[in-house]
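One letter stands for each residue in the lines below.
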Amino acid sequence: MTEAAATELQTEPATPRDPGAAAFFDVDNTVIRGASIWQLALGLWRRDFFTLRDVSAMAWKQVRFALLGENLAHVEQIRQQALGFIAGHSVAEIHAIGEEIFDEAMHDRIWPGTQALTRTHLDAGQEVWLVTATPVEVATVIADRLGLTGALGSVAESVDGIYTGRMVGDFLHGAAKARAVEALAAERGFDLSRCAAYSDSANDIPMLSLVGHPVAINPDGALRDHARAHGWAIHDYRTGRRAAKVGAQAVGATALAGVLAAAARRRRR
């Protein structure tokens, strides 16, 4: 392990008790390996919400995410597709499916190091919130399963308990995340200068910059550079064996994309 990696992969510090503070965690590549919206899309495909051709197109975007990090355009495309596919289905049905998908595909993708960080804040009497572009129903399932306080996520419109296929408010990403955290802090009386925030992506610099204790988790190149320049803490759980595991997953995702694409071509023929 390089000296730089050794300084970044450090023992998690004890968090002093401060019930007036809170911690805010991004989800994709911060709490969970890869993109949670991809796991949702794959789970919906398995339940016949859409076709092999649809999911094979999404698979290529997941491969890129596994190899290169977050691409907002790709995440937005998958989100728009997912919104269309859940239109006409009930909120209760999608919430139940989200619970099943967490148990099937997300539970084993939780980064243990990040989960340990959430526990240090909870043990200090602090609230811990997920803040993510992932649909709020899925984010809430993840928060519940991990014993966290709650989740802020993108909201799909529903009328009389049935999804319309449209969004409510902003896609919770970038500056929108920062605004959501500010609103939550005002509502619950958090002092942001005493709060912490965690993310893997430079897209979340607005949220990270709000708090007194910003932390880069498994950062992309731009966030790593920014964190180093500003003296932010960095935790990278991908080094050593973990890096090899992530690489294997990327290869596996590539193979999956190829299989799905081939299956879609066969079905079209």
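Residues numbered from 1 in each chain as written. Predicted model: local features only at pLDDT ≥ 70, side-chain atom pairs only at ≥ 80, totals over all residues. Heavy atoms only, no water.

Draft legend 1. Geometry of the sheet that holds strand S5 (residues 196-199). Taken together, the seven strands give an open sheet; going across it, the order is S4-S3-S2-S1-S5-S6-S7, and neighbouring strands pair in mixed fashion. Only two strands of the sheet have a single neighbouring strand rather than two, namely strand S4 (162-168) and strand S7 (233-235). On average, each strand axis in the sheet is inclined to that of its neighbour by 30 degrees, with strand direction left out of account. One ladder, built from three bridges, connects strand S6 (residues 213-217) with S7; its direction is parallel. Residue pairing for S7: isoleucine 217 is matched across the bridge by histidine 235. Its contacts with the sheet put helix H10 (residues 221-230) on S5, S6 and S7, and the angle it makes with S7 is roughly 145 degrees. (Pairing = 2+ DSSP bridges. Helix = DSSP H or I, 4+ residues; strand = E, 2+ residues; numbered from the N terminus. Axes fitted to C-alpha atoms, helices over the stretch in contact; angles between N-to-C directions. Contact = heavy atoms within 4.5 Å.)

Draft legend 2. Up close: the packing of aromatic side chains. Inspection of the entire model under this criterion finds two aromatic pairs. Relative to phenylalanine 190, the ring of phenylalanine 24 lies with its centre 6.3 Å away and its plane at 65 degrees, an arrangement referred to as edge-to-face. With phenylalanine 24 in strand S1 (residues 22-25) and phenylalanine 190 in the loop between helix H8 (175-188) and S5, this residue pair connects regions lying 166 residues apart in the sequence. For the pair phenylalanine 24 and phenylalanine 190, a shared accessibility class is recorded, and that class is buried. (Phe/Tyr/Trp six-rings, centres within 6.5 Å; stacked < 30°, edge-to-face > 60°. Buried < 20%, exposed > 50% of the residue type's maximum accessible area, 1.4 Å probe, protein only.)

Draft legend 3. Examining the pairing of strand S3 (residues 150-159) more closely. Two elements, strand S2 (residues 127-135) and S3, share four bridges in a ladder whose sense is parallel. Each residue of the ladder has a partner; that of valine 131, found in S3, is leucine 152. What joins S2 to S3 is helix H7 (residues 136-146), and the crossover it makes is right-handed. Alignment of S3 against S4, held across four bridges, turns out to be antiparallel. Bridge pairing links valine 155 to valine 168 in S4. Counting the residues in the hairpin turn of S3 and S4 gives two residues, including aspartate 160, whose phi is positive at 55 degrees. (Right-handed = clockwise from strand over helix to strand, strands pointing away.)

Draft legend 4. Expanded view of the pattern of salt bridges. In total, this model carries eleven salt bridges according to the counting rule given. Where glutamate 127 meets arginine 188, a salt bridge forms, and the shortest distance between an N and an O atom there is 2.7 Å. Here glutamate 127 is found in strand S2, whereas its partner arginine 188 is found in helix H8, with 61 residues between them in sequence. On the basis of relative accessible area, arginine 188 is assigned to the partly exposed category, the value being 38%. Between glutamate 157 and arginine 166 there is a salt bridge, with its nearest N and O atoms 2.7 Å apart. Among the ionic contacts, a cluster of salt bridges with common partners joins Asp18, Asp191 and Arg194. (Salt bridge = Lys/Arg side-chain N within 4 Å of Asp/Glu carboxyl O.)

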